[in-house]
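# Descriptive analysis of the structure
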Amino acid sequence: MTTSVYLSNNNINAVVGSGGKRIHVRRVCSVEIPEGSLINGIITNETDLADQLREFWTQNKLPKKNVALVINSSQLVLKTLTLPKTNDRKIREVLPMEFGDVSDQKDPILDYMLESADKKTLSVHAVMTDRSFVQGYLNLFKGLGIKVSSISVARTCRNKLLGTLKQVRGKVCVVHMIDGTSISSMLWVDGKSVYATQRRVFCEPGTTQFGMELARLVNNIQQFAITQQIQEKIETVYLAGTQGDEFETYRAAMTEAGIEGNCELLQPEKHIRMPKGMAQEYGKYLAELGNMIRVKQDINLVLPARKKVKNKEAGPKVWKRYVIPPAIFLVACGSVAGVLLIQEHQKKAELQELKDYINDPANIEQCTQIDILQQQIAELSGKISQIQWVEGCILSYPYMNSSVVQELQGYAQAQSVELEIQSYNADDGNLSVDARAEEVTLINQFIDMLEASGIFDSVQYSGYSYDDGKLLYTINVNCYLSENAGR
């Protein structure tokens, strides 16, 4: 029996049951926690969070052994990697090089989950974080007498669960997972996650405005898909973590926003057995349920966090290299060392001040808002580009106005030609006129003047007809206006 626990900014969720290829859930429990104890996966008030966890465990009589923890935080650096097919030892040797661009980890630990493999390559979900970040969670639960057997990542747990669902297999679809004001979104193509993002929105859940935010995320993901040469349109948008009237509000808002694909609730399938009457709550626990699925190679940050770093510079080597320097050298360098120690102390104080600033919840929140504003600016820039393109199209379209008619009449009078406008087709800019004259040559000269006028892209005409009563030659002329016409 496993107790799968997920901590978010707003809730503590627990799922108790047995896992593997099939998941049998015995019971689920959840409690809303006050903001401030945990922000973006970072423990900001350990005392309050410990009290909330202790009360949650006591009220729900949860087991204190075999607890599988799921966390979601910006402290977890995630990458999906394609590597040559090889064994576990060589993969772990390669992982640090793949995270070479991450420089803010003081004591990094890494792990990975195998997603898929073919004859030559492997696809893995890899994660890097700082040892102290994981150790903070282990110490927190150890202080409550709870034994944490594994720590995994929310995104990879959801990947495991969604990968087993027939609903997303063979489709291009988006899955929105709603947790309070946080939305985790994934783009699935042919049963594989190709893109994931998380966003916090600043409108009330259950409102039309919240539904419009969901629609905006779908549009952003569709644009990302186009940049990745994924030409298929999103055919279904699945929502998890909502139900009933709230779901209908979201679906109506997305339809109003022009989302073409179907909007459906994500449903449990036969291999996921929920407690009686709890099927509708299934969408709230995707990460916890995915954490109960067993795969051959999975992420468990407990193991690398507890693994001791071997000190190769031990015993006699350290003694010979550092402990037996000449005494005169020590005396001469003592004053220099004192200065360096003072400078080191100052730099450490500056570094700690910077860390405190970075981890300040207010600054983290402000950074999140900046990211949202930048995304909105990008969306508005795209809309402005589209408006400018439409404006250019409008400006390139000819105007059929009185100035065009006056110019035609001027050419007709110059050649003693009678002019009668028959019709104008705005779709293709075709102005149809009848020209009459006593002599055929006058009409020909009139047509030459039209072709040289510059207001028509093309001038086409049919054969002549002769009216014995009026003694006039008549010809129908089709004039296709150029973009400069009427300006």
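Residues numbered from 1 in each chain as written. Predicted model: local features only at pLDDT ≥ 70, side-chain atom pairs only at ≥ 80, totals over all residues. Heavy atoms only, no water.

Applying the stated criterion to the full structure yields six aromatic pairs. With a centroid separation of 5.6 Å and an interplanar angle of 80°, the aromatic rings of phenylalanine 133 and tyrosine 137 are classed as edge-to-face. Here the residue phenylalanine 133 and the residue tyrosine 137 both occupy positions in helix α3 (residues 131-143), the gap between them amounting to four residues, near one helical turn. Judged by relative accessible area, which is 11%, phenylalanine 133 ranks as buried. Judged by centre distance (4.1 Å) and plane angle (25°), the ring pair of tyrosine 195 and phenylalanine 224 falls under stacked. Separated by 29 residues along the polypeptide, tyrosine 195 in strand β13 (residues 192-200) and phenylalanine 224 in helix α5 (residues 208-227) bring together distant segments of the chain. On the accessibility criterion, phenylalanine 224 (23% relative accessible area) is partly exposed. Ring-pair connections join several aromatic residues into one group, and the members of that group are Phe56, Trp57 and Phe141. Above the face of the phenylalanine 99 ring, lysine 79 is positioned so that its terminal group lies 5.1 Å from the ring centre. (Phe/Tyr/Trp six-rings, centres within 6.5 Å; stacked < 30°, edge-to-face > 60°. Helix = DSSP H or I, 4+ residues; strand = E, 2+ residues; numbered from the N terminus. Buried < 20%, exposed > 50% of the residue type's maximum accessible area, 1.4 Å probe, protein only. Lys NZ or Arg CZ within 6 Å of the ring centre and 35° of its normal.)

On to the pattern of salt bridges, then. Think of it this way: side chains of opposite charge can pair up when their charged atoms draw near. Under the definition given, this model contains 16 salt bridges. Among the ionic pairs, arginine 92 bridges to aspartate 111, the shortest N-O distance being 3.1 Å. In this pair, arginine 92 sits in helix α2 (residues 88-98) while aspartate 111 sits in strand β8 (residues 108-117), placing the two residues 19 residues apart along the sequence. Here arginine 92 falls in the partly exposed class, since its relative accessible area comes to 34%. (Salt bridge = Lys/Arg side-chain N within 4 Å of Asp/Glu carboxyl O.)

Locating glycine 41 in the fold gives a position in the loop between β4 (38-39) and β5 (42-43). Aside from chain neighbours lying at most four places away, what touches glycine 41 is Asn9, Asn72, Ser73, Phe133 and Tyr137. (Contact = heavy atoms within 4.5 Å.)

Low pLDDT means the predicted atomic positions in that stretch should not be read closely. Across the protein chain, pLDDT averages 87, with 94% of residues at or above 70. A low-confidence stretch, residues 311-319 (pLDDT under 50), is modelled with four contacts involving residues beyond four sequence positions or located in other chains. (pLDDT = per-residue confidence, 0-100.)

Its place among the elements puts serine 8 in the loop between β1 (2-7) and β2 (11-18). Residue serine 8 is classed as buried on the basis of its relative accessible area, which comes to 7%. If sequence neighbours within four positions are ignored, serine 8 has contacts with Ile33, Leu38 and Asp179.

Moving on to the side chain of asparagine 430. As for its position among the elements, asparagine 430 is in strand β18 (residues 430-437). Those residues in contact with asparagine 430, other than ones at most four positions away along the chain, are Ser423, Tyr424, Asn425, Asn478, Cys479 and Tyr480.

In this section: the nonpolar core. Formed by 36 residues in total, the largest nonpolar core has its most connected members in Leu7, Leu53, Trp57, Leu69, Tyr137, Phe141 and Ile151. Among the secondary structure elements, those contributing two or more residues to this core are β1, β2, α1 (46-60), β6 (67-71), β8, α3, β10 (148-153) and α8 (302-306). Contacts of phenylalanine 141, omitting those with residues within four sequence positions, involve Leu7, Leu53, Trp57, Leu69, Ile146 and Val148. (Core = buried A, V, L, I, M, F, W, Y, C linked by side-chain atoms within 4.5 Å.)

Strand order across the open sheet formed by six strands is β10-β6-β1-β2-β3-β16, with mixed pairing between neighbours. The open sheet terminates on both sides in strands that have one partner only, identified here as β10 and β16 (272-273). The pairing of β1 with β2 spans six bridges and is classified as antiparallel. Opposite threonine 2, over in β2, you have glycine 17 as the bridge partner. Along the sheet, α1 contacts β1, β2, β3 (23-32) and β6; its crossing angle with β3, the most-contacted strand, is approximately 130°. Along the sheet, helix α4 (residues 154-162) contacts β1, β3, β6, β10 and β16; its crossing angle with β10, the most-contacted strand, is approximately 85°. (Pairing = 2+ DSSP bridges. Axes fitted to C-alpha atoms, helices over the stretch in contact; angles between N-to-C directions.)

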